[in-house]
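Observations on the three-dimensional arrangement
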Amino acid sequence: MMSSVCSEYTIGGVKISFPCKAYPSQLAMMNSIVNGLKTFAGFIEEQLTFGKVLLIPAKLSVSMIVRGLNSKQHCLLESPTGSGKSLALLCSALAWQQSLSGKPMDESLSKKAEVSLSCCCTCHSKNFTNDDMNQGTSRHFNSPSTPPSERNGTSSPCQDSPEKTTLAAKLSAKKQAFLYRDENDDFQVEKKRIRSLETTQQIRKRHCFEKEVHHFDTKVASGKTTKLNSPLRKINSFSPQNFFQHHLLKIRILLHFIAFAPLFKPSGHCARCCCSTKQGNSQDSSNATKKDHGGKSKIPKIYFGTRTHKQIAQITRELRRTAYSRVPMTILSSRDHTCVHPEVVGNFNRNEKCMELLDGKNGKSCYFYHGVHKISGQHTFQTLQGMCKAWDIEELVSLGKKLKACPYYTARELIEDADIIFCPYNYLLDAQIRESMDINLKEQVVILDEAHNIEDCARESASYSITEVQLRFARDELDSMVNNNIRKKDHEPLQAVCCSLINWLEANSEHLVERDYESSCKIWSGSEMLLNFHKMGITTATFPILQGHFSAVLQKEEKMLLVHGKEETRELPVISASTQIMLKGLFMVLDYLFRQNSRFADDYKVAIQQTYSWINQSDISDKNGFFVPQKNKKHSRQKTAVHVLNFWCLNPAVAFSDINGKVWTIVLTSGTLSPMKSFSSELGVTFTIQLEANHVINNSQVWVGTIGSGPKGRNLCATFQHTETFEFQDEVGALLLSVCQIVGQGILCFLPSYKLLEKLKERWLSTGLWHNLELVKTVIVEPQGGEKTDFDELLQVYYDAIKCKGEKDGALLVAVCRGKVSEGLDFSDDNARAVITIGIPFPNVKDLQVELKRQYNDQHSKLRGLLPGRQWYEIQAYRALNQALGRCIRHKNDWGALILVDDRFRSNPSRYISGLSKWVRQQIQHHSTFESALESLAEFSKKHQKFIDVSKEDRKSIQNSQSTLEVACLKDNTSPYFLEAANHLLPENPREGKAKI
């Protein structure tokens, strides 16, 4: 539930309603987001409102100034986990969005209801007077969600409070006085500045008047006089000696002309109301609020992307707490999460099965899909279906089952009228998913939360891999279409592409170079691959033609047939869903390779990889066609070579090129973006606003230390050579046991790889150390792969062991960096009183893609400003390490220990500490011996455990006292101020702090 006490902040002219008192890190985050979302025009206007003097070079032309007013800024914001980042993101972005539309927040959540009024342009002058302007009455232009009954201009004005009216009157008088003061006052500092928000009436009238700026610029440049007030006439009176003052005044007049547009009354029709559509004027009046074909104001949508569906559920819970919980929204997700059709749910490949049902194959259709019309839009969804507050996927699925309406397609239908759209961020980066979901990011706001992995995700989005089996299946299916004369002219060229790729794959598979055990490969650059495609007949000229053929075969088509002397229409068959998906991926890569005169060709590597796998042999049929099971079951499995054709993109900027320059603003946020210097060069995006926020906790709430040796004094350096030795494995085991004996409740231990995890477990089982660990805590091991349900069950065992006090003191969860446990899961309070990291989780140096990426960065580091390969490689390790460390401190009242086990942190801090998050760097302590570290850790844990136990008793006592006081107040009508004082006696509630994540 939303807090009963809300705070309101005005940042950059935007009123932000916040469900609680904001932390400094949240204020810093909201300030950065608002400044990134606002245009430079808004910044200039704000400066002028505050009375600040802007010194602009005289050589800067007026047209250049106007172009500069529309520039936008991208944001790169790091705020530690537990510092309320999600709330700050949601409230600031939605408040900015509502400030553009002028529509009020929900009436039940606002202290006063606001009513939309009709437009006040000259074509509606009957509803507008100079008195209205001078009094500064606040009005709101019509938003897309305004009902027709409120758009006819009959609604009554909303009365402003006396304070706001007075302030508006003062500002109006101040602006009027400014127009008639002497030009020499431009260089005088004002004694008093009045800060005020721009009223919605002023916003509306400024947009009405911005269309006149171009004409004014032309007149000033040509030296013509204007019929406005005297300051404009003074332009021609300057002498050559006052050239600088002449240009400075000209620029100031233009800027004031834009900022003080509400003081003027332009002629003509307003571009922000329906009168403009009547006159056939479709010109945009504002860069922020463009118009659709219906004449309604189009406010930028907010696409909020995060890493997983589970994180989306956390974000929507946060949205429910805010004053913006009723904004129209939707959640885009996969069929795995939202499909409710019984035949699809039980299918291995839900996408293919769903597409088959939609195509009506085998005479079956999806009745859930045909029920989507029952939820026709946001209005029906919110009012009739009761989904008026922020909802999650589970609620949508439940409603879909109830109404027999497909949740997957319902969520997509809701995009049109949604203000904010939540989705995994690969939906926004992957061109195939954007196309299939009908996502248009032009002039929209893109917020990517948990964006520490965004570089990897962007590279994967522009990459694609095809197996030889997939190619052969597609070829055979296309052969069938051609042989049956089904749209032969379209299927035949696609069949030729598959045949050419198969022939090329077979020819080159004989010349692969052995790399690892039972693994070999051969690699081509993107430019070399283009030459191979040219030999196949796929060129810059022919590829668009192939795209046309592919689009044609995806369209459903009917054909007239003569059956028993009667004409019948039958729908022509289309290629299967699996073939469609494979060809879409191939054509996506080809599009990137041929785009803009093969601009991205050098960003790709093409590799044929051969590995071996065991497959079950098909049953052999006898001469009569009956299947005969094999007698010897031991020989039913056969070792077969598998060939894969990989198109690997090594430059994440390739995928980002589709959205950079098109969107309104890109905001990347995470608790662990450090080190931040690689994002701009890797993504090809200039982040003019960057932030590394401090944590909300006190230094005393966290213990951060490095340990370079174990209980026996042996040096601990987790490189590959050392981790193979029994001495290292035994020393790490003894260290882990010692920490488990000192720190109670939950402990997380992160290792660099699953391979090391298996080695340590095997060694500790043989030495008996694993048994000793289980005597102290319940030991859980993160599984590699496996079903989601199995993983969730293991996590529940871990949580239950901590919650239920028994013979053992909590639980130990041994996990891997970059695994499921380290990414996005919440281990607050007793669930993680310590996080131990063993070594530094560098990526596998023998991985072919890692090797190619390092070579790519070395090759382009000077020309493109990329980090050298070694630095890029190390940054990947630090980001994974920071993610693991971030599992511990989850809210303001949380406490815990971060233990970094590796001697490299102490011996070379300038290299290995610099990559850690800012809040960790500031508090890290190096311990020369294990004994000193353990003594310090024991003291820290004991002190906080005692404090928690005492505070629990105090809380119960105070709550009992408060209950008694409330009863007494009810009996004798005591003033509520005593109740408020009693509330302040309560210590801060850990649950409230936790909710601010």
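All right, on to the overall build of the protein then. Each helix and strand counted, the protein has 41 helices and 27 strands in total. By element, 51% of the accessible surface of the protein is carried by carbon and sulfur atoms, the whole surface being about 47900 Å².

For the rest of this paragraph, the subject is the pairing of strand β21 (residues 702-707). Judged by how many residues are buried, β21 sits mostly within the fold: 6 of 6 residues are covered. Taking every second residue as pointing to the same face, both faces of β21 are buried, with Val 702, Val 704 and Thr 706 on one and Trp 703, Gly 705 and Ile 707 on the other. With 6 bridges joining them, β21 and strand β26 (residues 896-901) adopt parallel strand pairing. When the sheet's bridge partners are listed, Val 704 is paired in β26 with Leu 898.

On to the sheet that holds strand β27 (residues 925-927), then. What the 7 strands build is an open sheet, ordered β23-β24-β22-β25-β26-β21-β27; its pairing is parallel. With one partner strand each, in any of the chains shown, β23 (778-781) and β27 form the two edges of the open sheet. Within this sheet the neighbouring strands show an average axis-to-axis angle of 20°, counted without direction. When β23 meets strand β24 (residues 811-816), the two strands line up parallel, connected through 4 bridges. Bridge pairing in β24 links Val 779 to Leu 812. Contacting β21, β22 (746-751), β24, β25 (834-838) and β26, helix α30 (residues 726-742) crosses the sheet at an angle of about 175° to β25.

The next point concerns helix α17 (residues 393-403). Buried within α17 we find Ile 393, Leu 396, Val 397, Leu 399, Gly 400 and Leu 403. Along the axis of α17, the buried positions cluster into a sector of 165°, meaning they face one direction only. Away from its buried face by more than 90 degrees, α17 exposes Glu 394 and Lys 402. Tucked inside the fold, the buried residues of α17 contact α12 (309-320), β7 (329-331), α13 (335-338), α16 (378-384) and α18 (407-413). Two or three places before Glu 394, at the opening of α17, Asp 392 has a side-chain oxygen 3.3 Å from that residue's backbone nitrogen.

A word on the pattern of salt bridges. For the structure on display, the rule yields 27 salt bridges. Among the ionic pairs, Asp 476 bridges to Arg 475, the shortest N-O distance being 3.3 Å. Note that Arg 870 is salt-bridged to Glu 874, the shortest N-O span being 3.0 Å. Taken together, the residues Arg 870 and Glu 874, both in helix α35 (residues 869-885) and 4 residues apart, mark about one turn of the helix.

Attention shifts here to the pairing of strand β1 (residues 7-11). Where burial is concerned, the two faces of β1 differ: the one with Ser 7, Tyr 9 and Ile 11 is buried and the one with Glu 8 and Thr 10 is not. The pairing of β1 with strand β2 (residues 14-18) spans 5 bridges and is antiparallel. Looking at β2, one finds that Tyr 9 is bridged to Ile 16. Hairpin connection between β1 and β2: a loop of 2 residues separates the two successive antiparallel strands, and Gly 12 in this loop has a positive phi of roughly 60°.

This part covers the confidence of the model for the protein. Summary statistics for the protein give a mean pLDDT of 74 and a share of 67% for residues scoring 70 or more. This model gives residues 40-71 a pLDDT under 50, and the stretch forms 54 contacts once residues within four places in sequence are excluded. Overall, residues 259-288 carries pLDDT values under 50, and its contacts beyond four positions in sequence, including any with other chains, amount to 81 contacts.

At a minimum axis distance of 10 Å, the contact between α30 and helix α31 (residues 754-767) shows a crossing angle of 80°. Considering the angle they form, α30 stands roughly perpendicular to α31. Contact residues: Phe 726, Gln 729, Asp 730, Val 732, Gly 733 and Leu 736 in α30; Lys 759, Leu 760, Arg 763, Trp 764 and Thr 767 in α31. Classifying every residue of the contact of α30 with α31 by side-chain character gives 5 nonpolar, 3 polar and 3 charged.

All right, on to unusual backbone geometry then. Positive phi is not limited to glycine here, since Asn 485 has a value of about 55°. Its place among the elements puts Asn 485 in the loop between α22 (468-483) and α23 (488-508). Taking relative accessible area as the criterion, Asn 485 reaches 51% and is therefore assigned exposed. Positive phi is not limited to glycine here, since Ser 598 has a value of about 55°. Mapped onto the elements, Ser 598 comes out in helix α26 (residues 577-598).

Another aspect to go through is the environment of Ile 889. If you trace the backbone, Ile 889 turns up in the loop between α35 and β26. Linking Ile 889 and Phe 827, residues 62 residues apart in sequence, is a C-alpha distance of 8.1 Å. Non-local contacts of Ile 889, meaning those with residues more than four positions away in its chain, are made with Thr 81, Gly 82, His 695, Ile 697, Gln 701, Val 702, Asp 894, Trp 895, Gly 896 and Trp 919.

Right, let's get into the side chain of His 341. Looking at the secondary structure, you find His 341 in the loop between α13 and α14 (342-345). For His 341, a relative accessible area of 4% translates into the label buried. Sequence-distant contacts of His 341, that is, excluding residues within four places in its chain, are made with Leu 357, Ser 365, Cys 366, Tyr 367 and Phe 368.

Okay, the side chain of Gln 580 next. Turning to its location among the elements, Gln 580 is positioned in helix α26. The class of Gln 580 is buried, set by a relative accessible area of 9%. One polar contact links the side chain of Gln 580 to the main-chain carbonyl oxygen of Ile 575, over a distance of 3.0 Å. Setting aside residues no more than four positions away along its own chain, Gln 580 makes contact with Met 355, Phe 550, Leu 554, Val 574 and Ile 575.

The subject of this paragraph is the packing of α22 against α26. Interhelical geometry of α22 versus α26 gives an angle of 115° and a closest axis separation of 10 Å. Pair α22 / α26 crosses with left-handed handedness. Counted together, Gln 470, Leu 471, Phe 473, Ala 474 and Glu 477 of α22 and Ser 578, Thr 579 and Met 582 of α26 form the full contact between these two elements. Its residues assigned to classes, the contact of α22 with α26 shows 4 nonpolar, 3 polar and 1 charged.

An order of β7-β8-β6-β9-β19-β3-β20 is seen for the 7 strands of this open sheet, with the pairing classed as parallel. Pairing within the sheet leaves two strands with one partner each, and these edge strands are β7 and β20 (689-692). The sheet shows a mean angle of 15° between the axes of neighbouring strands, taken without regard to direction. Sheet topology places strand β6 (residues 302-306) next to strand β8 (residues 420-424); 5 bridges connect them, and they run parallel. Note that in β8 the partner of Tyr 303 across the bridge is Ile 421.

Thresholds applied
- Residues numbered from 1 in each chain as written.
- Predicted model: local features only at pLDDT ≥ 70, side-chain atom pairs only at ≥ 80, totals over all residues.
- Heavy atoms only, no water.
- Helix = DSSP H or I, 4+ residues; strand = E, 2+ residues; numbered from the N terminus.
- Areas by Shrake-Rupley, 256 points an atom, 1.4 Å probe, with all protein chains shown as cover.
- Buried < 20%, exposed > 50% of the residue type's maximum accessible area, 1.4 Å probe, protein only.
- Pairing = 2+ DSSP bridges.
- Axes fitted to C-alpha atoms, helices over the stretch in contact; angles between N-to-C directions.
- Contact = heavy atoms within 4.5 Å.
- Arc of directions from axis to C-beta.
- Polar contact = N/O pair within 3.5 Å; in protein donor to acceptor, adjacent residues only side chain to side chain.
- Salt bridge = Lys/Arg side-chain N within 4 Å of Asp/Glu carboxyl O.
- pLDDT = per-residue confidence, 0-100.
- Parallel < 35°, antiparallel > 145°, perpendicular 65-115°, else oblique.
- Nonpolar A, V, L, I, M, F, W, Y, C, P; charged D, E, K, R; others polar.
- Left-handed = near helix turned anticlockwise from the far one by under 90°.

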